[in-house]
Amino acid sequence: MAQYGYFDDAHREFVITRPDTPLPWLNMLGQDEFYGLCTQTAGGYSFWKDARLRRLTRYRYNNNPMDNDGRFLYVKQGKSVWSPGWKPVRTKLDAYECRHGLGYTRIKGRKDGVEVEQLMFVPPQENLEIWKIYVRNKTKKTQKLTLFSFVEFCFFEALNDMTNYQRTYSIGEVEIEGSGIYHKTEYRERRNHYTLFGCTRKVDGYDTSRDAFVGVHHGLHDPKAVFAGKCTNSHAYGWNPVGAHQINLTLKPGAEETFAFVLAYVEQGDLPKFDAPFVMNKTKGREILKKYSDLAAVDAAFASVKQRWEDLLSIYQSPDVPNEHLRRMVNTWNQVQCMATFNLSRASSGYETGIGRGMGYRDSNQDILGFVHLLPERARQRILDIASTQLSDGTCFHQYQPLTKKGNADIGGGFNDDPLWLILSTAAYIRETGDTSILDEPCGYADKPGSKDTLLHHIETSVSYTLNNRGPHGLPLIGHADWNDCLNLNCFSKEPNESFQVTGDIAGSKAESVMIAGLFLYAARDLAALYRFMGKADDAARIDGHYADMLKTVEEQAWDGAWYTRAFDAAGNPVGSKSCKEGKIFIESQAWCVLGGAGQTNGRARKALQAVAKYLYTPEHGCALQYPPYSEYHLELGEVSSYPPGYKENAGVFSHNNTWIHIGWTMFGEGDKALEYYLSICPSAKKDHDKYRSEPYVYAQMTASQFSPTPGEGKNSWLTGTSAWSFVTASQSILGVQPEFTGVKVDPCIPKKWKGYTVQRKFRGVTYTIEVKNPKGKSKGVKSLLVDGAKVAGNIVPPPTDGRKTVQVEVILGA
Ligand code: GLC
Ligand code: GLC
């Protein structure tokens, strides 16, 4: 089994030791408005706010080789040409290392005694990325070499860039000033922004035409200019503008040269656009290059990237958790992934092209659950933005564009789980902050521009929407789909050119979802608890009543004998029932009925989890989504039956929904099972990377299941709801530190053999050090709770009333 790298936990880095990983292993740079995707060979692209509408550098998805565009460096040393990140040249290196850290990637390559290091990061609150470069002569002889930089510009609107060559080949425009290459396509007309690619030291040449630098019949692996040893100082008029610099270096034995490249997105704002016809006003670009020409400013910017992550991670740390995988995920990588999913939703990654999907209504609400502790103010704004894409009848735009914050009309609405997720995100925000004022914030409905309805109004609209849209069994109507985007019970598509998500008439349809019923139970409990916290007993009681009704319906209509039915199709036939030939049992209805509190008194919840264990689970890969996979396409089921068996929603292991089962086990005190299941999908715990292929430090959306021909293959990493939910699972359900409306609740559910651990949690301005001790080898049940030495009844630590900023908590398990 090949070894590709290891975790350096002390530095919070994943170290990749050979560049030819089984798939590109990606890192995410930036967390405000400027983002960069960066792989272990410096592949990837950068954009400002919106990967579709403001893409700065070009990237070809579905390329061969994979991941073939990026932030490239070339070294020409005598006859040899190489890249420190191995690609694009792929000359064999004498040494290579890539460190993916928090918000930065550091790649180091050595050949024939020369080492080049490229440290890439995005400084906080700035719209640019920096590559700090170190060139070192490790030999005893003077070395002469030429270093080239390279990026290919994108014409900002990525879809057009990728499709409309009759136009794009004639619009490209650049300007060059010193080491500054200004990409200004469409700047003369409606754009008031440009891309700058500059170097902090004097350069010996440049190119801006791809044909000149690379060559029409050459590739990035053998660019003409690099092999010739010098740039041509080309000026791009149309075709494909690029940015390339040439730097000649003579290095004495042991010498090191450092400098930096800056790739910036610049908005001109109110400045005059031009100094003269065709000469843009470059004031802002010059200022940026000037600032970073002082390498002390580069180092300070990098220090602030590191400091920011230190500060963020200090909000939740559990340094001595006995299991190393859970420890590093919960303390570091899972939180990093939560940041990425919050920022990018499902828009841009190695698998999401930045064009197809913007922010998702259900996805972004769930992302908040794992993010809200990090930056609650940003979560607050996001909740209000999302709510504003709801319509006044309760339906929601399924997706919206981050730049415009407007609902995406192509996909529209009619995904009937969408409205309810808003309740979960809002409750999580208020639990974290205690700030109920968010409920009074005006955030109008998308179909009533200027309306001032409050967030609470949206929440009540969501509740009524579900209650008022129910089918023959009294269960919520599914619409185009519920959480499972591919369960399209109203689609009936026979036409391969149609989208499963938008096809089909949902008006008047009777297809129902048990998953939405379970989600409603969960949301109703959240909302009732919130009303109680706010002293609104009548509203709480009203919601309790709806809860009881829905619970009764679920128990009467959805119990299939050994598990919960998944849905009823448009003809009223059960989906996910023992009476079905295939797709007899689905994971989502077990998960949500259990999480919503169904089956608690009659033993069904436990049975439902046992059925998951029996039919869906394997310890190597986790739980498949359903069983048995569909072997034929079913008109009445839609996309779920379209995938080959064992992949994606057709019985693949969809990591996201696995986490709900993990939480389910903790509800029953099954701490050993919870950890075992947690580890079954945990990327850090994957042993065979040639089989798993995806990054070992972030979750993948899907792993091919035991029902597929390639079990254990991970796909679609980074942007998945798994990240938020597994952080909730690990930090709240297993390690048991739960933000509650009235304080911090401690309710662990751990493996029996764990002796204890500590959690440091900053919560509403107070730092809690929570020490959990397990002298009797139990999994769950708090026997005693000491808060600063004083015994407190129950398991909620009340916030200090005397202004203390640190609180010591001791919890002994064993009730
Ligand atoms: C994808 C979607 C998410 C959906 C899931 C299951 O992850 O982003 O919205 O719930 O697939 O279909
Ligand atoms: C979900 C599914 C994916 C599907 C998409 C939209 O994200 O995971 O399989 O293509 O929904 O159709």
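This text gives an overview of the structure that appears in the document.

Here is what the cut-offs are and how they apply
- Residues numbered from 1 in each chain as written.
- Chains lettered and ligands numbered in written order.
- Predicted model: local features only at pLDDT ≥ 70, side-chain atom pairs only at ≥ 80, totals over all residues.
- Heavy atoms only, no water.
- Pairing = 2+ DSSP bridges.
- Helix = DSSP H or I, 4+ residues; strand = E, 2+ residues; numbered from the N terminus.
- 1 Å grid on protein atoms, 1.4 Å probe; cavity = no way out; pocket = protein on both sides within 12 Å on 5 of 7 lines; lining within 4 Å.
- Points joined across faces, edges and corners; volume = space filled by probe spheres on them.
- Nonpolar A, V, L, I, M, F, W, Y, C, P; charged D, E, K, R; others polar.

1. A closer look at the sheet that holds strand S25 (residues 512–513)
Taken in spatial order, the three strands line up as S25-S26-S27 in an open sheet, and their pairing is antiparallel. With one partner strand each, in any of the chains shown, S25 and strand S27 (574–575) form the two edges of the open sheet. Of the pairings in the sheet, the one linking strand S26 (residues 567–568) to S27 comprises two bridges and is antiparallel in character. Bridging from a neighbouring strand, alanine 567 pairs with valine 575 of S27.

2. Concerning empty space enclosed by the protein
For the structure on display, the rule yields two cavities of 30 Å³ or more. Along its surface, the largest cavity is lined by 14 residues, and Met28, Gly30, Gln31, Gly103 and Trp309 are the ones closest to its centre. Only helix H6 (295–313) and helix H7 (324–344) provide two or more residues apiece to the lining of the largest cavity. Ranked by residue count, the leading element in the lining of the largest cavity is H7, at five residues. Broken down by class, the residue content of the lining of the largest cavity amounts to nine nonpolar, four polar and one charged. Its volume calculated, the second largest cavity comes out at about 40 Å³. Lining the second largest cavity, in full, are Arg357, Gly360, Tyr361, Arg362, Asp363, His398, Gln399 and Asp485. Ranked by residue count, the leading element in the lining of the second largest cavity is helix H8 (residues 361–371), at three residues. Grouping the constituent residues of the lining of the second largest cavity by class yields one nonpolar, three polar and four charged.

3. Here we look at unusual backbone geometry
Here asparagine 64 and proline 65 are connected by a cis peptide whose omega angle stands at 0°. By secondary structure assignment, the location of proline 65 is in the loop between strand S6 (55–57) and strand S7 (72–77). Omega for the peptide link from tyrosine 627 to proline 628 comes to -20°, which places this bond in the cis form. Phi angles above zero are rare outside glycine, and aspartate 67 is one such case at about 55°. Inspection of the secondary structure puts aspartate 67 in the loop between S6 and S7.

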